[in-house]
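Chains, contacts and geometry: an overview
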Amino acid sequence: METGGRKPGGRPTREQAATLGARLLDGARSVFCRKGVSGSSLEEIALELGVSKHTLYRRYPNKAALLDAVVERDIGRFRHALSTAGDGAGDGAGPLEALRRTALRYAEIGSARDYAAFYLSLNAEAALSATLRARLAEWSRAALEPLAGAVAAAQAAGALRPGDALAVCGILVDLLEGANNRVRLGDGASGDAPCLERLFDERWTVFTAAMGGRG
């Protein structure tokens, strides 16, 4: 039932609508992650959530719109986390330390299995869908803007060699994804689970040695 605590015959409050919206996106993300985008339908998502399909269709006219909403919410949270990760680096540490903190936050989020499972499933489907590949490229550019901005700030300060900040950001991301993958696949059964901090430090050392500023 979809009473949501509203008064009989009344419209849901703004808070009730926001709660329902978050629940719909959480449920859709879970279904997309488990069954893939191509293997899911709005009807199936509505059934799993226990709401009518009309509840979904009123907000999202099709599956693509629902997927966009799920990912845009994730991107907003991701960008905020990256944008605030360097806070406190203005204590004399400089823009390179701000970049390091931002990169570490990227690794912390990306190494989480729940977070990664959804995007790895999207990447797998994108291999067979030009439309999804294009959307993933757009989402990636938007999500990485704070990290690319931190790279540009470090370059402007002479802490990194000059060049295309997006390209340099891509090199850093490639290094970090290697660490993330090791953490995600480590089961810890032997008591020797991969340590994200150690893996990050190793890759950060490689990155700064290769891309460090020349003074």
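Shown above is the structure to which this text applies.
Residues numbered from 1 in each chain as written. Predicted model: local features only at pLDDT ≥ 70, side-chain atom pairs only at ≥ 80, totals over all residues. Heavy atoms only, no water.

**Some words on the packing of helix H1 (residues 14-35) against helix H4 (residues 63-85)**
Going by this rule: Each axis is a line fitted through C-alpha atoms, taken for helices only over the stretch in contact, and angles between the N-to-C directions span 0 to 180 degrees. Put simply, DSSP marks the helices as runs of H or I at least four residues long and the strands as runs of E at least two long, and each gets a number from the N terminus on. Note on angle classes: values under 35 degrees are labelled roughly parallel, values over 145 roughly antiparallel, values of 65 to 115 roughly perpendicular, and the remainder oblique. Throughout, a residue-residue contact means that at least one pair of heavy atoms, one from each residue, lies within 4.5 Å. Side-chain classes are defined by residue name, with Ala, Val, Leu, Ile, Met, Phe, Trp, Tyr, Cys and Pro counting as nonpolar, Asp, Glu, Lys and Arg as charged, and the others, Gly among them, as polar.
Closest axis-to-axis distance for the H1/H4 pair is 10 Å, and the angle between their directions is 105°. What the angle tells us is that H1 and H4 run roughly perpendicular. Contacts from Ala22, Leu25, Asp26, Ala28, Arg29 and Phe32 of H1 reach H4 at Lys63, Leu66, Leu67, Ala69, Val70, Arg73 and Asp74. For the contact of H1 with H4, a count of residues per class yields eight nonpolar, no polar and five charged.

**Considering the environment of Leu166**
Note the following rule: For each residue, the accessible area found with a 1.4 Å probe, counting protein chains only, is set against the maximum for its type, and the residue is called buried under 20%, exposed over 50%, and partly exposed in between.
When you line up the elements, Leu166 lands in helix H8 (residues 165-185). On the basis of relative accessibility, which here comes to 58%, the residue Leu166 falls in the exposed class. Placed 25 residues apart in sequence, Leu166 and Arg141 show a C-alpha to C-alpha distance of 8.9 Å.

**Here we look at the layout of surface pockets**
For the record, the criterion: Cavities and pockets were defined on a 1 Å grid built over protein atoms only: a cavity is a set of grid points that admits a 1.4 Å probe from which the probe cannot escape, a pocket is an open set flanked by protein on both sides within 12 Å along at least five of seven lines, and lining residues are those with an atom within 4 Å of any such point. Grid points are joined across faces, edges and corners, and a volume is the space filled by probe spheres set on the points.
Volume-wise, the largest pocket comes out at about 510 Å³. Lining the largest pocket are 19 residues; nearest its centre among them are Tyr106, Tyr115, Tyr119, Asn123 and Ser140. Put simply, the parts of the chain that give the lining of the largest pocket at least two residues each are H4, helix H5 (95-110), helix H6 (113-126), helix H7 (130-156) and H8. Here the lining of the largest pocket is built from residues that sort into 13 nonpolar, three polar and three charged.

**Brief notes about the pattern of salt bridges**
Selection criterion: Here, a salt bridge means any Lys or Arg side-chain nitrogen found within 4 Å of an Asp or Glu carboxyl oxygen.
Applying the stated criterion to the full structure yields 13 salt bridges. The closest approach of N and O atoms between Lys35 and Glu44, which form a salt bridge, is 2.3 Å. The class of Glu44 is partly exposed, set by a relative accessible area of 23%. With a shortest N-O distance of 3.1 Å, Arg198 and Glu202 are connected by a salt bridge. Taken together, the residues Arg198 and Glu202, both in helix H9 (residues 196-211) and four residues apart, mark about one turn of the helix. Among the charged side chains, a network of salt bridges with common partners joins Asp68, Arg135 and Glu138.

**Concerning the packing of aromatic side chains**
Each aromatic ring pair is specified by the distance between its two centres and by the angle formed by the two planes. What counts here: The aromatic pairing rule takes the rings of Phe, Tyr and Trp, using the six-membered ring of Trp, and pairs them if the centres are within 6.5 Å, calling planes under 30 degrees apart stacked, those over 60 edge-to-face and the rest tilted.
Summed over the entire model, instances satisfying the criterion amount to six aromatic pairs. Judged by centre distance (5.1 Å) and plane angle (40°), the rings of Tyr115 and Tyr119 are tilted. One end of the pair, Tyr115, and the other, Tyr119, are both in helix H6, four residues apart, so they sit about a helical turn from each other. Classification of Tyr115 as partly exposed rests on a relative accessible area of 22%. With a centroid separation of 6.2 Å and an interplanar angle of 10°, the aromatic rings of Phe200 and Trp204 are classed as stacked. Taken as a pair, Phe200 and Trp204 lie in helix H9 at a separation of four residues, close to a single helical turn. By way of ring pairs, the aromatic residues Phe78, Tyr106, Tyr115, Phe118 and Tyr119 are connected into one cluster.

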